[in-house]
Amino acid sequence: MIFKINNFKKIININSSNLNYIYIHIGKCGGSSIRNLLQKSFESKFTFYHLNRPNLKRQDNSNRFLFVIRNPIERYVSAFNHSKNLIDFDISKISNPDQLSLENCLAPFHIKNKIKNKGVVFSKEYDDLISFFKDANTLAESLSSNNIGVKSKAISLMKNGFEHLYKGIGWYLHNGDFIRKYHSQIIFVGRLEFLKDDINSFSKKYNKFNLKSSKLNEIRVNSNSYSKYLSEKAINNIISWYSDSDFQAIKKLYKFNLITKNYYEGCFNYIDSK
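### As for the overall build of the chain
Right, on to step 1. Across its full length, the chain carries 12 helices and six strands.
Right, on to step 2. Relative to its full complement of 274 residues, the chain shows a buried share of 51%.
Right, on to step 3. The long-range share in the chain, meaning contacts at least 24 apart out of those at least 6 apart in sequence, stands at 76%.
Right, on to step 4. Roughly 14100 Å² of accessible area belongs to the chain as shown, and the carbon and sulfur atoms make up 46% of that amount.

Structure below.
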């Protein structure tokens, strides 16, 4: 087994197949749990992309793609709360950063960076923009604010390339163009909301992989309880913001029968308003 890490691209080479299996780890879609499951179970060459994406123009015919998606509105809320959780994380009580791991910390890499960079997690600009907005609802509503300064900050944050607000489903899948070009090579589209069922169905179809949903780790959640409430205005703003990216990609998945009509239509609804 060979592990190679380079620019967030990890290759696991277990040569038992001529096919190249590629997992596109879309942020805030349960990707870490899936990656761990695949690393333990997959018996073929495997490539992982995270905070990096496959090239749109050059893909070998032997490549086979897998990824997990999520309701884009829910993914947006999770992405904002994830960044806010890390920026608010109290590092004063951490005596030994080397002991941080995925078992005891939401994102050890970022927390170690925060310690190293004297309180800065991503960048001073990005951290300050996240801190400016009280919650995900405030940010989403600010995208159409009459206050030019507030609206400008909201747009700057959503366009900032550091984290998952910008790098969403559409970003990883080239706004649907990746699906259009390589849909015949996509063998698994999991839905976070139905992940165990999707994994079991995939394993029955491709029994050589022997993936077991019972071995799926619990999806990591933010350690702090942040508001998930979105007003109607906020929801409409998020749908509009991601209309040509996340929603366009999901539309292409539906067009090529990789997700159902019910799931596609459900992606425009947001019911978790607590």
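### Digging into the packing of helix α2 (residues 72-88) against helix α11 (residues 246-255)
Right, on to step 1. Closest axis-to-axis distance for the α2/α11 pair is 10 Å, and the angle between their directions is 140 degrees. In terms of their interaxial angle, α2 and α11 are classed as oblique. As α2 packs across α11, the resulting crossing turns out to be right-handed. Seen from α2, the contacting residues are P72, I73 and R75; seen from α11, they are D246, F247 and I250.
Right, on to step 2. Among the residues forming the contact of α2 with α11, the class breakdown is four nonpolar, no polar and two charged.

### Some thoughts on unusual backbone geometry
Trans peptide bonds make up most of the peptide bonds, and negative phi angles are found at most residues other than glycine.
Right, on to step 1. The backbone phi angle of L51 is positive, close to 55 degrees, even though this residue is not glycine.
Right, on to step 2. Accessibility expressed as a relative area gives 15% for L51, which makes it buried.

### A closer look at the pairing of strand β5 (residues 63-69)
Right, on to step 1. With six of seven residues buried, β5 is to be regarded as a mostly interior element.
Right, on to step 2. Judged from the five bridges that link them, strand β3 (residues 20-24) and β5 form a sheet pairing that is parallel. Opposite I22, over in β5, you have F65 as the bridge partner.
Right, on to step 3. The pairing of β5 with strand β6 (residues 186-191) spans five bridges and is parallel. Across the sheet, the residue bridging to L66 is F188, located in β6.

### Digging into the environment of Y242
Right, on to step 1. For Y242, the position within the fold is in the loop between α10 (232-241) and α11.
Right, on to step 2. Once residues within four sequence positions are removed from consideration, Y242 is found in contact with R75, Y76, M158, L165, F247 and Q248.
Right, on to step 3. Within the structure, Y242 has its side chain in polar contact with the backbone oxygen of L165 (distance 2.6 Å).

### Considerations on the packing of aromatic side chains
Right, on to step 1. Tallying each qualifying case throughout the model produces 14 aromatic pairs.
Right, on to step 2. Measuring from centroid to centroid gives 5.5 Å for Y264 and F268, while their planes differ by 90 degrees, and the two rings are edge-to-face.
Right, on to step 3. Note on F268: relative accessible area 30%, which makes it partly exposed.
Right, on to step 4. One aromatic cluster in this structure is built from F247, Y254, Y264 and F268.
Right, on to step 5. Here the guanidinium or amino end of K153 rests over the ring plane of F132, the centre of that ring lying 5.0 Å away.

### Some details on the pattern of salt bridges
Right, on to step 1. Going through the model one piece at a time under the given rule, you end up with five salt bridges.
Right, on to step 2. Between K124 and D128 there is a salt bridge, with the nearest N and O atoms lying 2.7 Å from each other. Of this pair, K124 and D128 both sit in helix α4 (residues 124-132), four residues apart, which is roughly one turn of the helix.
Right, on to step 3. As a salt-bridge pair, R191 and D198 come within 2.8 Å of each other at their nearest N and O atoms. Comparing R191 with D198, the two get one shared label, buried.

### Some details on the nonpolar core
Right, on to step 1. Counting 74 residues, the largest nonpolar core has Y76 and L165 as its most contacted members.
Right, on to step 2. If one sorts the elements of this core by residue count, α2 sits on top with seven residues.
Right, on to step 3. Non-local contacts of L165, meaning those with residues more than four positions away in its chain, are made with R75, Y76, A79, F80, Y126, I130, L139, L157, M158 and Y242.

### What to know about the pairing of strand β4 (residues 46-49)
Right, on to step 1. Side-chain alternation along β4 places F46 and F48 on one buried face and T47 and Y49 on a second face that is also buried.
Right, on to step 2. Here β3 pairs with β4 via four bridges, running parallel. Along β4, the bridge assignment pairs Y23 with F48.

Cut-offs and rules
- Residues numbered from 1 in each chain as written.
- Predicted model: local features only at pLDDT ≥ 70, side-chain atom pairs only at ≥ 80, totals over all residues.
- Heavy atoms only, no water.
- Helix = DSSP H or I, 4+ residues; strand = E, 2+ residues; numbered from the N terminus.
- Buried < 20%, exposed > 50% of the residue type's maximum accessible area, 1.4 Å probe, protein only.
- Contact = heavy atoms within 4.5 Å.
- Areas by Shrake-Rupley, 256 points an atom, 1.4 Å probe, with all protein chains shown as cover.
- Axes fitted to C-alpha atoms, helices over the stretch in contact; angles between N-to-C directions.
- Parallel < 35°, antiparallel > 145°, perpendicular 65-115°, else oblique.
- Left-handed = near helix turned anticlockwise from the far one by under 90°.
- Nonpolar A, V, L, I, M, F, W, Y, C, P; charged D, E, K, R; others polar.
- Pairing = 2+ DSSP bridges.
- Polar contact = N/O pair within 3.5 Å; in protein donor to acceptor, adjacent residues only side chain to side chain.
- Phe/Tyr/Trp six-rings, centres within 6.5 Å; stacked < 30°, edge-to-face > 60°.
- Lys NZ or Arg CZ within 6 Å of the ring centre and 35° of its normal.
- Salt bridge = Lys/Arg side-chain N within 4 Å of Asp/Glu carboxyl O.
- Core = buried A, V, L, I, M, F, W, Y, C linked by side-chain atoms within 4.5 Å.

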